[in-house]
Amino acid sequence: MAAATSAYSAPKTVLVLGDSLSAEYGLSRGTGWVALAEQKLKQNNIDALVVNASVSGETTSGGRSRLPALLAKHKPDLVVIELGANDGLRGLPVAAAKANLLAMNEAATKANARVMLIGMRMPPNYGRDYADKFFAMYGALSKEIKAPLVPFMLDGVAEKPQLFQPDRLHPLADAHPIILANIWPTLQKAIKAK
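Not measured: the values here are computed from a predicted model.

Notes on the overall build of the protein
Here is step 1 of the chain: Each helix and strand counted, the protein has seven helices and five strands in total.
Here is step 2 of the chain: Reading the secondary structure of the protein in the N-to-C direction produces α-β-α-β-α-β-α-α-β-α-β-α.
Here is step 3 of the chain: Along the first, second and third principal axes, the C-alpha set of the protein runs to 60 × 35 × 25 Å.
Here is step 4 of the chain: Out of the 194 residues in the protein, the part that is buried amounts to 47%.

What follows is the structure, given as structure tokens:
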């Protein structure tokens, strides 16, 4: 009985599979939204282990190829997928990004993990049609796979140039509490869900 109790009360493992926006690109370690989420989980007495497997420059294709090994190694309960921005910046087909995200959801489901999606918007200079299709993909996918979605992680950040590093692509540490505020309500619910 003790073994069953300890297995039940084991911390949940959250695997974050993202790109530079989650990998603390250009930031001091511990100042990005993933590290802040880990601190907030502790403050809220939510027993969860966060594994940040984010890599700068990652595309949905790269995430798809890396995910099976990460699932086998970490056995997560929840996989937070923050990918697609680099696909969009390279003008890759929206359908290809969606197919990769679908495949990641399938791999996670087979490994008994739930998926949470974090959406992204493309800057308007990528063309209205492409930007709209890209953004809409996340909402459609979320409904299709019944996964919780944060529609746009840079809400309240994207429109403020002063919150970005000189490359104008990567937010400063000051922006990451705002990013976490966008992600936290969905993340908290997803972790607590069975």
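Some words on the packing of aromatic side chains
Here is step 1 of the chain: Under the defined criterion, the tally for this structure stands at two aromatic pairs.
Here is step 2 of the chain: Taken together, the ring pairs in this structure connect Tyr130, Phe134 and Tyr138 into an aromatic cluster.
Here is step 3 of the chain: It is Arg121 that lies over the ring of Phe135; its NZ or CZ is 3.6 Å from the centre.
Here is step 4 of the chain: Stacked on the ring of Phe152, the Lys or Arg Arg121 has its end atom at 5.8 Å from the ring centre.

Digging into the packing of helix 2 (residues 33–43) against helix 7 (residues 176–192)
Here is step 1 of the chain: Between helix 2 and helix 7, the shortest axis-to-axis distance is 9 Å and the interhelical angle comes to 50 degrees. Relative to helix 7, the element helix 2 lies oblique. Judged by the twist between their axes, the crossing of helix 2 over helix 7 is right-handed. On the side of helix 2, the interface is formed by Trp33, Leu36, Ala37, Lys40 and Leu41, while helix 7 contributes His176, Pro177, Ile179, Leu180, Ile183, Trp184, Leu187 and Ile191.

Points about the confidence of the model for the protein
Here is step 1 of the chain: Taken over all residues, the pLDDT of the protein has a mean of 93, while the share at 70 or more is 95%.
Here is step 2 of the chain: Below pLDDT 50 for its whole length, residues 1–8 participates in one contact with residues either more than four positions away or in separate chains.

Some remarks on the sheet that holds strand 1 (residues 12–18)
Here is step 1 of the chain: Taken together, the five strands give an open sheet; going across it, the order is 2-1-3-4-5, and neighbouring strands pair in parallel fashion. Strands with a single pairing partner mark the edges of an open sheet, and in this sheet they are strand 2 (48–52) and strand 5 (149–150).
Here is step 2 of the chain: In this sheet, strand 3 (residues 78–82) lies alongside strand 1 in parallel orientation, the contact comprising five bridges. What sits directly across from Val16, in strand 3, is Val80.
Here is step 3 of the chain: Here helix 3 (residues 60–74) sits on the sheet in contact with strand 1, strand 2 and strand 3, set at roughly 165 degrees to strand 1.

Scoring rules and cut-offs
- Residues numbered from 1 in each chain as written.
- Predicted model: local features only at pLDDT ≥ 70, side-chain atom pairs only at ≥ 80, totals over all residues.
- Heavy atoms only, no water.
- Helix = DSSP H or I, 4+ residues; strand = E, 2+ residues; numbered from the N terminus.
- Buried < 20%, exposed > 50% of the residue type's maximum accessible area, 1.4 Å probe, protein only.
- Phe/Tyr/Trp six-rings, centres within 6.5 Å; stacked < 30°, edge-to-face > 60°.
- Lys NZ or Arg CZ within 6 Å of the ring centre and 35° of its normal.
- Axes fitted to C-alpha atoms, helices over the stretch in contact; angles between N-to-C directions.
- Parallel < 35°, antiparallel > 145°, perpendicular 65-115°, else oblique.
- Left-handed = near helix turned anticlockwise from the far one by under 90°.
- Contact = heavy atoms within 4.5 Å.
- pLDDT = per-residue confidence, 0-100.
- Pairing = 2+ DSSP bridges.

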